[in-house]
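As a plain string of letters, each chain reads:
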Amino acid sequence: MNLAVRDIRHKLGRFLLTCLGLSLLLGVVLSMIGIYRGLVDDALSLVRAPAADLWVVEAGTRGPFAEASRMPGDTREMVARVPGVASAGAVTYQTVETAYRGQTLRLQVVGYEPGRLGGPAAIAQGRGIAIRHGEVVVDVRAGIALGDRIRLGRDDYLVVGLTRHHVSTGGDPVLFLSLRDAQDLQFLPKPSTYRRDQARGAPPPATDTINAVVARLDPDTAPDAVAREIGRWKHLGSATQAQQEGILVQSVVEKARRQIGLFTAILMVVSAVVIALIIYTMTMDKMREIATLKLIGAPDSTIVGLILQQALAMGGIGFGIGLTIVNLVADSFPRRVLLQSEDAAMLGVVVMLVCVLSSGLGVRLALRIEPAAALGG
Amino acid sequence: MDDLRPLAELTGIAKHYGEGGSRVDALRDVDLSLFPGEVVGLLGPSGSGKSTLLNIIGCVIEPSGGRMVLDGTMIYDGHPTGGDLRRLRLDKIGFIFQFHNLLPFLDSRDNVAIVLELAGQGRFAARQRADELLDYLEVGNRSRSAPAKLSGGEAQRVAIARALANRPRLILADEPTAALDTQRAAIVMDLLRKVAREQAAAVLVVTHDEKIFDRFDRMLRVRDGRLEAGSA
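Residues numbered from 1 in each chain as written. Chains lettered and ligands numbered in written order. Predicted model: local features only at pLDDT ≥ 70, side-chain atom pairs only at ≥ 80, totals over all residues. Heavy atoms only, no water.

(A) Geometry of the overall build of chain A. When helices and strands are counted, chain A shows 11 helices and 12 strands. A compact globule built from 377 residues would reach a C-alpha radius of gyration of about 21 Å, whereas chain A, at 30 Å, exceeds it by more than 25%. The C-alpha extent of chain A, read off along each of the three principal axes, is 100 × 50 × 40 Å. Counting across all 377 residues of chain A, residues that qualify as buried make up 50%. Of the contacts made within chain A by residues no fewer than 6 positions apart, 78% connect residues no fewer than 24 positions apart. When the accessible surface of chain A is totalled, it reaches about 17700 Å², and 57% of it is carbon and sulfur. Distance between charge centroids for chain A: 5 Å, based on 39 positive and 33 negative side chains. (Helix = DSSP H or I, 4+ residues; strand = E, 2+ residues; numbered from the N terminus. Rg over C-alpha atoms; globule rule 2.2 N^0.38 Å. Buried < 20%, exposed > 50% of the residue type's maximum accessible area, 1.4 Å probe, protein only. Contact = heavy atoms within 4.5 Å. Areas by Shrake-Rupley, 256 points an atom, 1.4 Å probe, with all protein chains shown as cover. Lys, Arg positive; Asp, Glu negative; His and termini not counted. Charge placed at Lys NZ, Arg CZ, Asp CG, Glu CD.)

In structure tokens, the structure reads:
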């Protein structure tokens, strides 16, 4: 007969409460891993959206995500003419805050030329931008309804399309608008500033500025060869898609990754200590029963099995409940929680290992209990 | 009974704790033979060495000196003989405790069956034998009850059923009637006498309970670690 199961059934309420407590702890661990995955995926979603092979940026910078990069607006035409480049698109990136339905909304604004590279990877609802001014496509995370209007700078824009999973490295939803609108939003000074500059005799502001050019290459064209060609223009630099993704992950999310990794490691240690203490206490509660079992001739393997099985059951049930809870509440997190089955499976294995190791204290205690203790009266 | 071979034979058994100035002699030069079918009472004040003697005969602790044979198996001969004492306890010794020590997470039947399963019997056979024993001890109607739901007398009878499960040759009882009233104590002692006769087992009962003195075939008294014949 399985003594572990019988003992659990005997104190089912207490055991389940313990599992629930552990599940919350493991749920936090899962959330941290999910937030990290979400962070990286979100960060990469922005750089992957144009599906480019090459990123052309201002020379000496690693822009447009890791550093500021500003180039003349005609750079796109120059890049498009380089042999091996199939298509190119100019893009701008900026962060704006605006009011929407009485709440402050922070958005990552991407300007691109409709019909060229740089727009959203896919439209989930509605359509893409069709005219040069006044239309935007925004991620559903912004909470803006299709057909609604949103004010950016001095103008109102009509939301014509919605995307999914287009957010910045900071978790802000991405809003796409035409390059001209984005340039005005970013580079056109306020009327008061404009009037002051004119009064000073300053030249009109140059708004035809972009942050990067994304290029798609002809099949069988080596990105490095095109990058070398572009590098001959001293004011331009370039990075392949893989390099840009690497820059983004290493420069922009590296600290967050380390932070979350450290938290996760600390939480795992805390979980291990908690599991060890629970198992130890459960064993302490059964000292007399264990002594009796030993006295009537139960082998050590029976005692060890009792403790190990309970530890594994607690870890397994706690992990299962934790996974369920996190899956249920993942969408309520301010940041995206991306739970990957491989991560969950890996954590499950780690939790089981931790349970086995943590039960060592309880097993040690149990093996030290003398059968004579049962005769103590 | 003198013509029978003793089930337990202790010769010159000693037990001490500590060494030098802190040495405490719990038992000194104890000779004891327990024969099949007899119920022996072991009396003595607290700290006299009763429990130590019970633990030694029950193969729970090792003596410091002397010689001990259990059912023909040499257990100690001036030094441990290296036998599997756990298996010996499982197969040949039944224990009855003052507070029954039933496992709270098993019902009465499984508290008995576990001993049989530990000895290698299948679950069905073990439960069948457990039911027979519980019926024999007139607690068959409580076979599915948890220990917490049993009265003191019922729990002690289930504990006796557990002690008898593997048909032990030696039954060691530590204050089995201390928590029972006179009537129930008498029932328990009569059961032990019955088992001793029917299964040719030796029963050694450590007790202070004067109301059961008349149920013993003979009584022994431990005083300052020495064993002497007692009287009821």
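(B) Representation of helix α3 (residues 108-118) of chain B within the structure. With 11 of 11 residues buried, α3 of chain B is to be regarded as a mostly interior element. Taken together, the buried positions of α3 of chain B are occupied by Ser108, Arg109, Asp110, Asn111, Val112, Ala113, Ile114, Val115, Leu116, Glu117 and Leu118 of chain B. Structurally, α3 of chain B contributes buried residues whose contacts are with α1 (3-10), α9 (287-295) and α10 (300-329) of chain A together with α2 (85-92), α4 (123-136) and α5 (152-164) of chain B. Phi turns positive, to about 110 degrees, at glycine 120 of chain B, one or two residues after α3 of chain B.

(C) Unusual backbone geometry, seen in detail. All names here are of chain A. In this structure, alanine 51 takes a positive phi of about 50 degrees despite not being glycine. Tracing the chain through its elements places alanine 51 in the loop between α2 (12-48) and β1 (54-58). A relative accessible area of 44% means that alanine 51 is categorised as partly exposed. The backbone phi angle of aspartate 220 is positive, close to 70 degrees, even though this residue is not glycine. Mapped onto the fold, aspartate 220 is located in the loop between β11 (212-217) and α6 (223-231).

(D) Looking closely at the environment of phenylalanine 124 of chain B. Residue and element names in this part refer to chain B. Structurally, phenylalanine 124 can be placed in helix α4. Assessed through its relative accessible area of 67%, phenylalanine 124 is described here as exposed. Once the C-alpha coordinates of phenylalanine 124 and asparagine 141 are considered, the two residues, 17 residues apart in sequence, prove to be 18 Å apart.

(E) Representation of the pairing of strand β9 (residues 218-223) of chain B. Residues and elements named next belong to chain B. As judged from the four bridges shared by strand β3 (residues 39-43) and β9, these two strands associate in the parallel manner. For leucine 42, the partnering residue across the bridge sits in β9 and is leucine 220. Where β9 and strand β10 (residues 226-229) come together, four bridges link them in antiparallel fashion. Within β10, the residue paired with leucine 220 across the bridge is alanine 229. Between β9 and β10, which follow one another and run antiparallel, lie two residues, and aspartate 224 among them has a positive phi close to 50 degrees. (Pairing = 2+ DSSP bridges.)

(F) A look at the sheet that holds strand β7 (residues 170-174) of chain B. All names here are of chain B. With mixed pairing, six strands are arranged side by side in an open sheet as β6-β7-β8-β3-β9-β10. In this open sheet, the two strands that pair with only one neighbour each are β6 (93-96) and β10. Put simply, the sheet's adjacent strands are angled 20 degrees from each other on average, direction ignored. Bridge count between β7 and strand β8 (residues 202-206): five bridges; the pairing is parallel. When the sheet's bridge partners are listed, leucine 172 is paired in β8 with leucine 204. Set on the sheet, α2 makes contact with β6 and β7; between it and β6 the angle comes to about 75 degrees. (Axes fitted to C-alpha atoms, helices over the stretch in contact; angles between N-to-C directions.)

(G) Expanded view of the nonpolar core. Ranked by size, the top nonpolar core spans 148 residues in total, and within it Met314 of chain A together with Leu53, Ile114 and Leu170 of chain B carry the most contacts. Among the domains, domain 1 (3-43 + 255-375) and domain 2 (48-252) of chain A are the pair contributing at least three residues each to this core. The residues contacting leucine 53 of chain B, other than those within four sequence positions of it, are Leu10, Leu27, Val30, Leu32, Leu42, Val222 and Leu227 of chain B. (Core = buried A, V, L, I, M, F, W, Y, C linked by side-chain atoms within 4.5 Å. Domains from an automatic or database assignment.)

(H) Just the interface of chain B and chain A, in detail. Counting residues at the interface gives 25 residues for chain B, matched by 22 residues for chain A. A buried area of about 2300 Å², summed over both sides, lies between chain B and chain A, and 67% of it is on carbon and sulfur atoms. Summed over the shared surface of chain B and chain A, the result is one salt bridge. Arginine 6 of chain A is paired through a salt bridge with aspartate 110 of chain B; the nearest N and O atoms lie 2.6 Å apart. Applying the counting criterion to the chain B and chain A interface returns nine residue pairs in polar contact (both at pLDDT 80 or more). When contributions to the side of chain B that touches chain A are tallied by element, the ones reaching two or more residues are α1 (50-57), α2, α3 and α4 of chain B. For the side of chain B that touches chain A, the element with the highest residue contribution is α3 of chain B, accounting for six residues. (Buried area = accessible area lost by both parts, 1.4 Å probe. Salt bridge = Lys/Arg side-chain N within 4 Å of Asp/Glu carboxyl O. Polar contact = N/O pair within 3.5 Å; in protein donor to acceptor, adjacent residues only side chain to side chain.)

Remember, this is a structural readout, not a statement about activity or role.
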